[in-house]
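Residue-level structural notes
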Amino acid sequence: MKISKSIRISRNQLLSNKIRTILSLIGIIIGVSAVIIMVAIGNGAQKEVLNKIESMGTNLIVVNAGQVQKTSGRQQIRGTVTTLTIEDADILASECPAVSKSTPVQTKKLLVKWGNLSSNTTITGTTSDYQTIRNFYIERGTFFSEEENKASVRYAVLGQTVVKNLFGKNDPIGETLRIGRVPFKVIGIMESKGTDLNGVDQDDQIFIPVQTALRRVFNLTYINTINLQVLSSNEMDFAIKQVSEVLRERHRLDRLNKSDDFTIQNQVELLETQKETTDTFTALIVSVASISLIVGGIGILAIMLIAIKERIKEIGLRMAVGASRKDILLQFIIEASILSVGGGVIGIFIGVFIAIMASIATEWTLSISIPSIIYSFLFSLAIGLFFGVYPARKASMLDPIESLRSE
Amino acid sequence: MNNIIVKAERLTKVYNKGVGGDVFALRDVSLEIHKGELIAIMGASGSGKSTLMNILGCLDKPTEGSLFFEEKEVSKLGDKELASVRNKKIGFVFQSFNLLARTSALENVELPLIYSDKVNVTKLAKDALNLVGLADRVHHHPGELSGGQQQRVAIARALVNDPDIIFADEPTGNLDTKSSYEIITLFQKLNKEGRTIVLVTHELDIAEHAKRIIKVSDGRIVSDELNNSPRNAETELNKLVKEVKNEN
Ligand SMILES: Nc1ncnc2c1ncn2[C@@H]1O[C@H](COP(=O)(O)OP(=O)(O)OP(=O)(O)O)[C@@H](O)[C@H]1O
Ligand SMILES: [Mg+2]
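All values reported here derive from a predicted model rather than from experimental measurement.

Turning our eyes to something else, we now look at the overall build of chain B. Secondary structure assignment for chain B yields 8 helices and 10 strands. For 248 residues, the compact-globule estimate of 2.2 N^0.38 gives 18 Å, and the C-alpha radius of gyration of chain B, at 18 Å, lies within 12% of that figure. Taken along its principal axes, the extent of the C-alpha atoms in chain B is 55 × 45 × 40 Å. Sequence separation of 24 or more characterises 69% of the internal contacts of chain B that already satisfy a separation of 6 or more. Averaging the coordinates of the 33 positive side-chain charges in chain B and doing the same for the 35 negative ones gives two points 2 Å apart.

Attention now goes to the domain arrangement of chain A. Looking at chain A, the domain boundaries give domain 1 (3–52 + 273–405) and domain 2 (82–260). A C-alpha centroid distance of 56 Å is found between domain 1 of chain A and domain 2 of chain A.

Our next topic: the pattern of salt bridges. Across all of its chains, the model carries 26 salt bridges over all chains by this definition. Of the charged contacts in the structure, one is a salt bridge between Arg140(A) and Asp171(A), with a shortest N-O distance of 2.9 Å. Highlighted residues: Arg140(A) in strand S6 (residues 138–141) and Asp171(A) in the loop between helix H6 (160–167) and strand S8 (176–179), separated in sequence by 31 residues. What makes Arg140(A) partly exposed here is its relative accessible area of 40%. Between Glu236(B) and Arg231(B) there is a salt bridge, with its nearest N and O atoms 2.6 Å apart. For Glu236(B), a relative accessible area of 11% corresponds to the buried category. Judged by its relative accessible area of 28%, Arg231(B) falls in the partly exposed class. Linked by salt bridges that have partners in common, Arg311(A), Glu314(A), Arg318(A) and Glu335(A) make up one network.

What surrounds ligand 1 is a group of 16 residues, the closest being Ser45(B), Gly46(B), Lys49(B), Ser50(B) and Thr51(B). Around ligand 1, the neighbouring residues derive from chains A and B rather than from a single chain. Separating an oxygen atom of ligand 1 from a backbone N or O atom of Gly46(B) is a distance of 2.8 Å. Within the side chain of Thr51(B), one N or O atom sits 2.5 Å away from an oxygen atom of ligand 1. Look at ligand 1: alone it shows 630 Å² of surface, and the protein chains cover 72% of it.

Below, the discussion takes up the coordination of the magnesium ion (ligand 2). Angles between donor atoms at a metal ideally measure 109.5 degrees for a four-coordinate tetrahedral arrangement and either 90 or 180 degrees for a six-coordinate octahedral one. At this site the magnesium ion (ligand 2) is bound by Ser50(B) (OG) and Gln95(B) (OE1), with donor distances of 1.9 to 2.2 Å. Of this pair, Ser50(B) sits in helix H1 (residues 49–56) while Gln95(B) sits in the loop between strand S6 (90–93) and helix H3 (105–114), and the two are 45 residues apart along the sequence.

The next thing to look at is a negative patch on the surface. Residues and elements named next belong to chain A. On the surface, Asp237, Glu269, Glu272 and Glu276 cluster together into a negatively charged patch. The element best represented in the negative patch is helix H10 (residues 267–310), accounting for 3 residues. Position of aspartate 237 relative to the elements: it lies in helix H8 (residues 236–250).

On to the environment of Thr201(B), then. Residues and elements named next belong to chain B. Within the secondary structure, threonine 201 is located in the loop between strand S8 (196–200) and helix H7 (204–207). Here the alpha-carbon distance between threonine 201 and serine 179, two residues 22 residues apart in the chain, equals 15 Å. With sequence-adjacent residues up to four places away left out, threonine 201 is seen in contact with Ala40, Ile41, Met42, Gly43, Thr172, Ile206 and Ala207. A polar contact of 3.0 Å, which involves the side chain of threonine 201, links it to the backbone nitrogen of glutamate 203.

Quick look at the interface of chain B and chain A now. Counting from both sides, the interface comprises 21 residues of chain B and, opposite them, 24 residues of chain A. Together chain B and chain A conceal approximately 2,000 Å² of surface at their shared face, both sides included; 56% is due to carbon and sulfur atoms. For chain B, the biggest contributors to the area lost against chain A are Arg102(B), Ile114(B) and Tyr115(B); these three give 31% of the whole. Inspection of the chain B/chain A interface yields 1 salt bridge. Between Lys61(B) and Asp399(A) there is a salt bridge; the shortest N-O distance is 3.8 Å. Taken together, the residues of the side of chain B that touches chain A break down into 10 nonpolar, 4 polar and 7 charged.

All right, on to the sheet that holds strand S7 (residues 165–169) of chain B then. Residue and element names in this part refer to chain B. Read from one edge of the open sheet, 6 strands run S6-S7-S8-S3-S9-S10, paired in mixed fashion. Strands with a single pairing partner mark the edges of an open sheet, and in this sheet they are S6 and strand S10 (220–226). Strand-to-strand twist of the sheet, defined as the mean angle between neighbouring strand axes without regard to direction, takes the value 15°. In this fold helix H2 (residues 79–89) packs onto S6 and S7, with an angle of close to 75° to the strand it touches most, S6.

Within the chain, Asn135(A) stands out as a residue other than glycine whose phi angle is a positive 55°. Relative to the helices and strands, Asn135(A) is located in the loop between helix H4 (130–134) and S6. For Asn135(A), a relative accessible area of 33% translates into the label partly exposed. The residue Asp28(B) is not glycine, and still its phi comes out positive at about 55°. Structurally, Asp28(B) is set in strand S2 (residues 21–34).

Cut-offs applied
Residues numbered from 1 in each chain as written. Chains lettered and ligands numbered in written order. Predicted model: local features only at pLDDT ≥ 70, side-chain atom pairs only at ≥ 80, totals over all residues. Heavy atoms only, no water. Helix = DSSP H or I, 4+ residues; strand = E, 2+ residues; numbered from the N terminus. Rg over C-alpha atoms; globule rule 2.2 N^0.38 Å. Contact = heavy atoms within 4.5 Å. Lys, Arg positive; Asp, Glu negative; His and termini not counted. Charge placed at Lys NZ, Arg CZ, Asp CG, Glu CD. Domains from an automatic or database assignment. Salt bridge = Lys/Arg side-chain N within 4 Å of Asp/Glu carboxyl O. Buried < 20%, exposed > 50% of the residue type's maximum accessible area, 1.4 Å probe, protein only. Near = heavy atom within 4 Å. Polar contact = N/O pair within 3.5 Å; in protein donor to acceptor, adjacent residues only side chain to side chain. Areas by Shrake-Rupley, 256 points an atom, 1.4 Å probe, with all protein chains shown as cover. Donors = N, O, S within 2.8 Å, 3.2 Å for Na, K, Ca; no water. Patch = residues over 30% accessible without salt bridge, like charges linked within 9 Å, V, L, I, M, F, W, Y side chains within 5 Å. Buried area = accessible area lost by both parts, 1.4 Å probe. Nonpolar A, V, L, I, M, F, W, Y, C, P; charged D, E, K, R; others polar. Pairing = 2+ DSSP bridges. Axes fitted to C-alpha atoms, helices over the stretch in contact; angles between N-to-C directions.

Structure below.
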C-alpha cells in the first residue's frame, strides 16, 4: 500500500475524533512552546549581558585597587588599599606599549544639591579619556578638558538620571550645583547609558575632574580604579602582563615579596564568565522544558493505546480485507507522527507568538533562537515516533478474528 | 484434477475455556473446494460453521491440521502474501456484517480496494453497491441502514475486489424471503460467471439453491452431498413478485 494512502487513513482517523486528537496534541504543544519561550528568555538575558559588556568599551582593561573578591557573582573590593594613584594611570599609558589610553577613576556616593532639591548620587572623578575608553560620550555641552582637570576646576558633567531628578524640565547647563559643600558649574550632559552588569544605573552619575575630586571633594591621595584601553584585542594578554609588571615595580611589591595590591580584569574574561552562567541557566530551563516534551510523548502513548483498544474491531476488519501487519504498523506510526509533527508545529507558533508578546509586554529582552525551534521540533518528532512505535506494534500483532470478536 | 481452490486436511479447532474445559469447535474436518462450486454449509447453532468458514477464509488458524489455498499451505505464507490472498482472492461476508460505524456505505465498500493497487476505487465501490441494489444509499452510515441493507453493504464489500472465492456466513440470516431470494439470485449469478461461493445457512430451502450441501454437527462433517437439481432463485423471485401483485 502506498504511504499517501496510509497518511490519508490516519488523517481521517484523527479528524474523526477531534477531542482525543487535541488532548494528545496538548502535551507536545506545551513542551515545544515551553522550550522556545525558555530559550528565548535565556538567549535574551545573554544578549543583554553581552551588550552591556560590549558597551563598557572596546578592548577594556580595568585595574582595581586591592584584591577583588567574588561573592555570589558580584565583585567586591575588600578593605581600602591606598597604593593606586593618578600617576600610576599616567605611567601605565606611557610605559606599556600595548596600552593606548588610560584614565583614573575614583567614585563615591555623595549628596548633591540644586536649589532646594537634593539627591544621593555617584560622583565619578575621572579625565576626558574616560569617554573613549568606556564608550560613554557627552551629548550636550562639553566634557572638561585635560587642562581643566590639571587646574582642578569645578566643572561637572551630569548623567541623564541626575538631570531628571534634580532639574526636571530646566536646562542644567550653566547652573551651579553643590556636591557636598563644594559648588560646581554644570558644563555638559552625558548620553544615556542604562544599567551596568550589576544593574546599577550608569546615568545616575556626575563626572568631575579627578584632580578636583581628590583635592576638593573626597580629600584623598589615591584612586580605586584605572581604566585602560588596549591597542587591539589580540594584545590583551600582553597588555595585562605589562600593566602587572609596571604596577608591581612602582608599588615595590617584588622587593618586599608581597602579592599584588591590585586586580586586573579584562572584558574577554567577563564575557566568558557571564556566558558560562547564562549557558548553565539555559541548559537548566531547556532540560525542564524537555521533561514536558517527554510528558507530551507519554500523552501520545496513552491516547494511542486507548485508540487501539477502541478500534480493535476496525483493525481486525482491515486485516481481514487485506491489510498486512506492515500496513497497520505504518498507519499507527503515521498517526503518531502526525500528532507529534502537528503538535510541534502548533507549539512553534504558540511559542514564538508568546515570546513576541512577552517581549512587547515586558521589559525583558527575548531572543527567539532558530536552533531551539529546529531542535524542539525534531525532539517532538522523535518522541512521537518513540512512543508511537509500541502501540503501533501492538496493533499490528493483533489476530483478525479475535479482534473482530472483541467488544 | 487441478481445479482445487481450497483444501482442508484434518482441521481441528480447540478453544481453551478454563472452567468448562476445552471446546472442540472443529474435529478432524477434511474438505476440498473446487473452482466453480456453489456450496451451502448447514448445521445447528454452535456446530462450528463460522469457525470452519473463518479457517477456510484464511482469517483464523486451525489448532491442528493444515489448509491449502491454491496449493499453497496457508500457515507458511508470509505477512504480505497472506494479506494479498485475503485482499485479492477471498471475499468474506461476516455473520455480524462488521461494518465500520463512523464511515459511509461507500467507504466501507472501498476498504478492501485501499489495500489493493486498484486506482478507480470510488467507481468500483459504487458499481458493487449498485450490484447489491444500494445505489441510493451510498452515503448512508451503517446506523442509518436496515439490517438487510447492512447485510448487502457487507456483500458489496466482499465482491468489490473481484475475488475468486466468496465466503458468506449466513448472508440471508437477517433478511425476509424476498430479500433472501435477491441475495441468492446474486450469488447464483456470480457463480455462473465463474466465481466459487461458499455460504452458511440454517434454512434448507436456501441451501437447496446450492450445487453441494455440507452438513456439520458438533464440529464434524456429517454429510457432504452434491445437489443435482439446485433451485433457481430468480424464477422463485419472479413468482414471489407475481404473487404480491395478484394480492393487490
Ligand atoms: N472465541 C471463542 N472462544 C471460545 N469458544 C468459542 C469461540 N468461538 C466459538 N466458540 C465455540 O465454538 C463452537 C462453534 O462456534 P461457531 O461460532 O463456529 O458456531 P456456528 O456454527 O457458527 O453457530 P451459529 O449458527 O450460532 O453462528 C461453539 O460451541 C462456540 O461456543
Ligand atoms: Mg456462526
